[in-house]
Amino acid sequence: MSLFLPKLTCKKDIDEVIKGVAEKVVVLRFGRDDDSVCLQLDEILSKTSHDLSNMASIYIVDVDKAPIYTRYFDISYIPSTVFFFNGQHMKVDYGSPDHTKFVGSFKTKQDFMDLIEVIYRGAMRGKMIVQSPIDPQNIPKYDLLYHGI
């Protein structure tokens, strides 16, 4: 499914998208094309990309081709989804210790669409962190690798 979404293959491309897309949420899905959970997420992203085209631009980033950003965002689990607005990293409180990215796949298309709308509306009001509208039961649970260090 990721063939319907634009792919960013190097740091320069990612930088240009983050800095160049104005007044829209930039969605970067970090993962691998051969991972089953990434493919599940890609299906949701591609099915919603047209409906969200006024609010968001969605891109696929292969973790092996962008190691600088993979380390910078501490992409330990894939898929991980990171959000930006007007060049600023948008954080979301999912009720988990990590507000910088969404780890795993969204359960439904509506969960993803609701999240993009909340991020977009919050960003338009100047907020850098928003509260997740997703039901906590639909948010994948994971342990931080650096917990307790």
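Residues numbered from 1 in each chain as written. Predicted model: local features only at pLDDT ≥ 70, side-chain atom pairs only at ≥ 80, totals over all residues. Heavy atoms only, no water.

Draft legend 1. Quick peek at the pattern of salt bridges. Per the stated rule, a full pass over the model turns up 9 salt bridges. Measuring nitrogen to oxygen at the nearest pair gives 2.7 Å for the salt bridge that ties D33 to K7. With a gap of 26 residues between them, D33 in the loop between strand 2 (25-31) and helix 2 (36-49) and K7 in strand 1 (residues 7-8) connect regions that are remote in the sequence. Across the salt bridge formed by E117 and R121, the nearest N and O atoms sit 2.8 Å from each other. Of this pair, E117 and R121 both sit in helix 4 (residues 109-124), 4 residues apart, which is roughly one turn of the helix. What you see here is one network of salt bridges that share partners, running through K7, R29, D33 and D42. (Salt bridge = Lys/Arg side-chain N within 4 Å of Asp/Glu carboxyl O. Helix = DSSP H or I, 4+ residues; strand = E, 2+ residues; numbered from the N terminus.)

Draft legend 2. Up close: the nonpolar core. Ranked by size, the top nonpolar core spans 28 residues in total, and within it V25, F83, F106, F112 and I116 carry the most contacts. Going through the elements one at a time, strand 2, helix 2, strand 3 (56-62), strand 4 (80-85), strand 5 (88-93) and helix 4 are the ones with two or more residues in this core. Looking at this core element by element, the count peaks at 7 residues for helix 4. Once residues within four sequence positions are removed from consideration, V25 is found in contact with M55, A56, S57, F83, F84, F85, I116, I119 and Y120. (Core = buried A, V, L, I, M, F, W, Y, C linked by side-chain atoms within 4.5 Å. Buried < 20%, exposed > 50% of the residue type's maximum accessible area, 1.4 Å probe, protein only. Contact = heavy atoms within 4.5 Å.)

Draft legend 3. Just the confidence of the model for the protein, in detail. Overall, the prediction assigns the protein a mean pLDDT of 89, with 92% of residues at 70 or greater. Summarising per-element confidence for the protein, the mean pLDDT is lowest in strand 6 (residues 102-103) (90) and highest in strand 2 (96). (pLDDT = per-residue confidence, 0-100.)

Draft legend 4. How the structure looks around the side chain of D111. On the secondary structure map, D111 appears in helix 4. Residue contacts for D111: discarding those within four places in its chain leaves I134 and N138.

Draft legend 5. Molecular detail of the state of the cysteines. Within this structure, the stated rule accounts for 0 disulfides. Sulfur of C10: no disulfide; nearest cysteine sulfur belongs to C38 and is 20 Å away. In this structure C38 comes out as buried when scored by relative accessible area, which is 0%. (Disulfide = S-S within 2.5 Å.)

Draft legend 6. Quick peek at the environment of G104. With respect to the helices and strands, the residue G104 is situated in the loop between strand 6 and helix 4. With relative accessibility at 10%, the residue G104 sits in the buried group. Linking G104 and S80, residues 24 residues apart in sequence, is a C-alpha distance of 6.0 Å. The contact partners of G104, leaving out residues within four places of it in the chain, are L41, P79 and P140.

Draft legend 7. Structural detail: the pairing of strand 3. The buried count for strand 3 comes to 7 of 7 residues, which makes it a mostly enclosed element. Every second residue of strand 3 is oriented toward a common face, with A56, I58, I60 and D62 on one face and S57, Y59 and V61 on the other, all of them buried. In the sheet, strand 1 pairs with strand 3 via 2 bridges, with the strands oriented parallel. Residue K7 lies in a different strand from strand 3, and its bridge partner there is I60. Relative to strand 3, strand 2 runs parallel, the two sharing 7 bridges. Paired with F30 across the two strands is V61, which belongs to strand 3. Handedness of the crossover joining strand 2 and strand 3 through helix 2: right-handed. (Pairing = 2+ DSSP bridges. Right-handed = clockwise from strand over helix to strand, strands pointing away.)

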